[in-house]
Amino acid sequence: MLLWLGLSTLLAAQQPVFDRDVRPILERNCLGCHNQKLKMSNFSMTTRAELAKGGKRGGGLPLLLQAIRQDGNLRMPPAYKLKPGEIALLEKWIAAGAAMPESAFAATEAKPNHWSFVPVKRPAPPAVGQRQWARTPIDRFILARLEQANIAPSREASKEALLRRLSLDLTGLPPSVEELRAFSADPRPGAWQQWIDKLLDSPHYGERWARRWLDQARYADSDGGSRDEPRQIWRYRDWVIQATQNDMPFDKFVVEQLAGDLLPNPTKDQLIATGFHRNSPIQIEAGTDREQYRTEAVVDRVDTTGTVFLGLSVGCARCHDHKYDPISNREYYQLYAFFNSTDDWGEDRPRYNARFNNLVHVQGPFVEFAPPDVIQRRDEVLLKLVTLDDKLTDYKRENKPTAGDTFVKETEAEIARLQTLLPKGLEGSMIQRELPEPRQTHIMLSGDYLHKGERVFPNTPAFLGALPGNGGALNRLDFARWLIAPNNPLLARVAVNRIWQEYFGRGLVETENDFGTQGAPPTHPELLDWLAAEFIESGWSRKHIHRLILNSAVYRQTSEARQDLMESDPRNLLLARQTRLRLDSEVVRDISLASAGLLSRKVGGPSVFPPQPAAAMSASQIKKVWKPSQGEDRYRRGMYTFFWRVTPHPALIVFDAPSGMTACTRRNRSNTPLQALTLMNDQAFHEMAQSFAVRLLRESPPGTRLDHAFRVALARSPRPKERERLQSLLGTERDELATHPEEASKLLPANPPAGLDRTELAAWTSIARVILNMDEFITRE
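Worth saying up front: this structure is predicted, and the values here are computed from it rather than measured.

Chemist: How do you make sense of the overall build of the protein chain when you look at a structure like this?
Modeler: If you tally the helices and strands in the protein chain, you get 31 helices and six strands. Relative to the globule expectation of 28 Å for 781 residues, the C-alpha radius of gyration of the protein chain, 30 Å, shows essentially globular dimensions. Principal-axis analysis of the C-alpha atoms places the extent of the protein chain at approximately 90 × 75 × 50 Å. Considering the protein chain as a whole, with its 781 residues, one finds that 58% of them fall into the buried category. Of the contacts formed within the protein chain by residues at least 6 apart in sequence, a portion of 70% connects residues at least 24 apart. Total accessible area computed for the protein chain in this model is approximately 32,800 Å², and 54% of it derives from carbon and sulfur atoms.

Chemist: Could you clarify how one ought to interpret the side chain of Thr460 in this entry?
Modeler: Relative to the helices and strands, Thr460 is located in the loop between β4 (452-456) and α19 (476-483). On the accessibility criterion, Thr460 (1% relative accessible area) is buried. A distance of 3.4 Å separates polar atoms of two side chains, one belonging to Thr460 and the other to Asn459. If sequence neighbours within four positions are ignored, Thr460 has contacts with Gln334, Leu335, Phe338, Gly465, Ala466, Leu467, Phe479 and Trp482.

Chemist: So what exactly am I meant to see when it comes to helix α27 (residues 683-699) here?
Modeler: Quick reminder: α-helices carry 3.6 residues per turn. Residues three or four places apart thus point the same way. Across its 17 residues, α27 extends 24 Å between first and last C-alpha, which sits within 8% of the 24 Å expected from 1.5 Å per residue. Of all 17 residues in α27, 14 are buried; the element is thus mostly enclosed. Between a side-chain oxygen at the N-terminus of α27 and the backbone nitrogen of Ala684 the separation is 2.9 Å; the capping residue is Asp682.

Chemist: Explanation requested: unusual backbone geometry in the structure shown.
Modeler: Backbone phi values are negative for most residues with the exception of glycine, while trans is the configuration of most peptide bonds. With an omega of -10°, the peptide bond between Met76 and Pro77 qualifies as cis. In this structure, Pro77 sits in the loop between α4 (61-69) and α5 (84-95). Residue Pro365 is reached from Gly364 by a cis peptide bond, and omega for that bond is 5°. Position of Pro365 among the secondary structure elements: in the loop between α16 (359-363) and β1 (366-368). Even without glycine at this site, Gln70 takes up a positive phi of about 60°. Among the structural elements, Gln70 can be located in the loop between α4 and α5. Of note in this structure, Asn357 is not a glycine but carries a positive phi near 50°. Secondary-structure assignment places Asn357 in the loop between α15 (329-339) and α16.

Chemist: Got a minute to help me understand the packing of α27 against helix α31 (residues 758-772) in this structure?
Modeler: The axes of two packed helices give the description: the angle between them and the distance between them. Put simply, α27 and α31 touch, their axes get as near as 8 Å, and they point 120° apart. The orientation of α27 relative to α31 falls into the category oblique. The crossing of α27 and α31 is right-handed. Contacts between α27 and α31 involve His686, Met688, Ala689, Gln690, Phe692, Ala693, Val694, Leu696 and Leu697 on the former and, on the latter, Glu760, Leu761, Trp764, Thr765, Ala768, Arg769, Ile771 and Leu772. Residue composition of the contact of α27 with α31, by class: 12 nonpolar, three polar and two charged.

Chemist: What is the right way to read the nonpolar core from this model?
Modeler: By size, the foremost hydrophobic cluster in this structure holds 121 residues, and its most contacted members are Ile138, Trp213, Tyr236 and Trp500. Element by element, the count of residues in this core is highest for helix α20 (residues 491-504), at nine residues. If you look at the next biggest cluster of nonpolar residues, it comprises 47 residues, including Leu173, Val654, Phe692 and Ile767.

Chemist: Help me out: how do you make sense of α19 in this one?
Modeler: By the criterion of burial, α19 is predominantly enclosed, with six of the eight residues buried. Turning to α19, its buried residues are Arg476, Leu477, Phe479, Ala480, Trp482 and Leu483. Elements that come into contact with the buried residues of α19 comprise α12 (250-259), α14 (290-310), α15 and α20. Backbone nitrogen of Leu477 and a side-chain oxygen of the N-cap are separated by 3.0 Å at the start of α19; the cap is Asn475.

Chemist: When you look at the packing of aromatic side chains in this model, what are you seeing that I'm missing?
Modeler: Ring pairs (aromatic) are described by centroid distance and by the angle formed between their planes. Evaluation of the coordinates by the stated rule reveals 30 aromatic pairs. Taken together, the ring pairs in this structure connect Trp213, Tyr236, Trp239, Phe250, Phe253, Phe276, Phe309, Phe535 and Trp540 into an aromatic cluster. Over the ring of Tyr555 we find Arg165; its NZ or CZ atom is 5.6 Å from the centre of that ring. Here Arg218 stacks its cationic end above the ring of Phe276, 5.5 Å away from the centre of that ring.

Chemist: Explain the packing of α12 against α19 here, please?
Modeler: The interhelical angle for the contact between α12 and α19, taken along N-to-C directions, is 160°, at an axis separation of 9 Å. Classified by the interaxial angle, the pair formed by α12 and α19 is roughly antiparallel. α12 and α19 meet at a crossing whose hand is right-handed. From α12, Val254, Val255, Leu258 and Ala259 reach across to α19, where they touch Arg476, Leu477, Phe479, Ala480 and Leu483.

Chemist: Looking at this structure, I do not really get the environment of Ser595. What am I missing?
Modeler: Along the polypeptide, Ser595 turns up in helix α24 (residues 585-596). The spatial distance from the C-alpha of Ser595 to the C-alpha of Lys627 is 25 Å, given a sequence separation of 32 residues. Apart from residues lying up to four places away in sequence, Ser595 is in contact with Phe692, Arg695, Val712, Ala713, Leu772 and Phe777.

Chemist: Whenever I open this one, the side chain of Glu722 confuses me. Can you help?
Modeler: Within the secondary structure, Glu722 sits in helix α29 (residues 720-739). For Glu722, the side chain forms a polar contact with the side chain of Arg716, separated by 2.9 Å. Beyond its immediate stretch of four places on either side in the chain, Glu722 contacts Phe710, Arg716 and Met774.

Chemist: Would you take a moment to explain the state of the cysteines for this structure?
Modeler: Covalent bonding between the sulfur atoms of two cysteines is what defines a disulfide. Taken as a whole and assessed by the stated rule, the structure comprises zero disulfides. In this structure Cys30 is not part of a disulfide, and its nearest cysteine sulfur, from Cys33, lies 8.9 Å away. Residue classification places Cys30 among the buried residues on the basis of a relative accessible area of 11%. The thiol of Cys664 is unpaired, and the distance to the nearest cysteine sulfur, on Cys316, comes to 18 Å.

Chemist: Just checking my understanding: could you explain the pattern of salt bridges for this structure?
Modeler: Working definition: two side chains of opposite charge can pair if their charged atoms are close together. Per the counting criterion, the structure on display carries 59 salt bridges. Residue Arg235 pairs with Glu427 through a salt bridge whose shortest N-O separation is 2.7 Å. Placement of Arg235 in helix α11 (residues 234-245) and of Glu427 in the loop between α18 (406-421) and β2 (428-430) is noted, with a sequence separation of 192 residues between them. You can call Arg235 buried: its relative accessible area is 16%. Accessibility expressed as a relative area gives 40% for Glu427, which makes it partly exposed.

Procedures and definitions
Residues numbered from 1 in each chain as written. Predicted model: local features only at pLDDT ≥ 70, side-chain atom pairs only at ≥ 80, totals over all residues. Heavy atoms only, no water. Helix = DSSP H or I, 4+ residues; strand = E, 2+ residues; numbered from the N terminus. Rg over C-alpha atoms; globule rule 2.2 N^0.38 Å. Buried < 20%, exposed > 50% of the residue type's maximum accessible area, 1.4 Å probe, protein only. Contact = heavy atoms within 4.5 Å. Areas by Shrake-Rupley, 256 points an atom, 1.4 Å probe, with all protein chains shown as cover. Polar contact = N/O pair within 3.5 Å; in protein donor to acceptor, adjacent residues only side chain to side chain. Expected span 1.5 Å × (residues − 1). Axes fitted to C-alpha atoms, helices over the stretch in contact; angles between N-to-C directions. Parallel < 35°, antiparallel > 145°, perpendicular 65-115°, else oblique. Left-handed = near helix turned anticlockwise from the far one by under 90°. Nonpolar A, V, L, I, M, F, W, Y, C, P; charged D, E, K, R; others polar. Core = buried A, V, L, I, M, F, W, Y, C linked by side-chain atoms within 4.5 Å. Phe/Tyr/Trp six-rings, centres within 6.5 Å; stacked < 30°, edge-to-face > 60°. Lys NZ or Arg CZ within 6 Å of the ring centre and 35° of its normal. Disulfide = S-S within 2.5 Å. Salt bridge = Lys/Arg side-chain N within 4 Å of Asp/Glu carboxyl O.

Here it is as structure tokens:
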């Protein structure tokens, strides 16, 4: 709605386009009551003929105009008044004859002409007046809209701000002081492109952009049920990092995650890639209905597929036909059928046994890395142990044995013997695997797995092009190939929109998870289609799209607020300036570690356990042990922190990390007191401030330390007022610590580095805490 408040005002000065301008206003404000089904006051707004016909209170477009203006007794909507920009748009539309496509709002129309449902066609970049400003075709699309609105673009940001922005955007890490010095002194026209290429080649680019995909894949290190048991899936995370780093073509990237196991002779990497849909939460608590939770996992996979790859709220059709988009209840279960024949935990497998932790039976299938005979022995021994433990549990419950009971002693002895035979430390990664024979799929009446309706077979929604042939023979690989077909109107648009979103804080379509008829229209529809066409024609190269955006003038603008924009475009929809963005939770940790000189730059590997508050694990039904990692693992990047779904690391959640329960296509960016308190008081961040202070004392002479601190943390020099206040604070701290030297121990590490003055180190630790707690430090300008 906020998007429309700004966008409708900007569009009111132009001739309205029905799908882009008028349809969303009617859908949000009118169609809830005046549709073909409800027809309140016997008035429907679903066709041009119905509009002209009117309802009980009369007919004709003049009455409609009077109602939306709320000039007389008839006031629509009755509870509020449309915004001036929306009214102006509707007035222009009505004055031009209120034209709309036939059956414009019919959800069951076979080929709806909603903007996102028509094939992508590459538009030509428009002609613009300020051609010298435009560096790329992207700029011409942006500038054309700015010129229509009589708005000038902003100046280019400083070189220091640009390099920090570029480094944070591509790698999630700040530039070093040496890199800042080199870039600032480099006058060559091609220097910017070289820095883009350098950072795209950095192994940390793969980490930064993989994290965004992992949000959509609802990646976590635990199963999300009431027990929230750990799972082996970090190799999927590493696969995403490497695929992103290597710029794996996006179409291949999609296919291997959805159906890598169905490719001819799949490699282990292709099997690991199918972990995408093994990230579904599961419930393994005793007494649970396994079929219920298997069904919920399949529903999660269908809904996630719709959100991530199609940008549609497919899940709305689980219980009934989608109310707004052309997806029927039947078609939902045809999609469901593609994912309904994978091997998941069911009644044919052993129950979960907490004593022997047989998660390999519960969470499988896996791709494993031990010799086959070792895996077979593990499975056989583990099954015997679980069976014996079940018998022992039943015997104790029925017989209430006393100490020395023969059956108990003999069973425990056999269990002890078997435990010596159980192979330890076997590693694997959760994967998808198709059953030898597909399960039957039925429509679930009202979405209830216990009430089965008509049988259906795998197929795709008709409005996007149903697959030909016998539906019973279709599988996930057929679906994945259908998804990446160039004539699919959604996949490329959705993908480039989410890349754009990361650079500007908002997609060209703000509702990045809803490209359907209830979603926001694109602010720059021609640019979106140009990028989508470019994406496909480049061989689905994400790095190509990155280069296009990063080389643009619109990306390089300053983010400084402008008074004229506060009035003409307060939400910056037309992009006359860049956007300030609070950094992601993992990146807040990463830049703090980097500034402190502690960051481990190791890529990949098992998840780690950095320090966290002692009570953080108390919320779980089964309290988990969190033993802080030591050595290099203590200082790994935030994306490697072990993520318990029920009790996630507090420093991640406080900065809006997603829960991992459902696909997250855009993170929230909140601003709360808890964030400041975390940066100031959390054990890990205090440790980083201590190390930052050590770094400053070792790397810079006394008169230059503030300058060095700002260059390291903020990529600039301190401003006069900042210098004055921090020098004053430093003097106060020195005086207080000289008077009360015992207070220094509260600021210093347990074993301060030798050769550094304790008072001076403690004073600079206070300065370091202030700088690392600045809003600018955790913000990308």
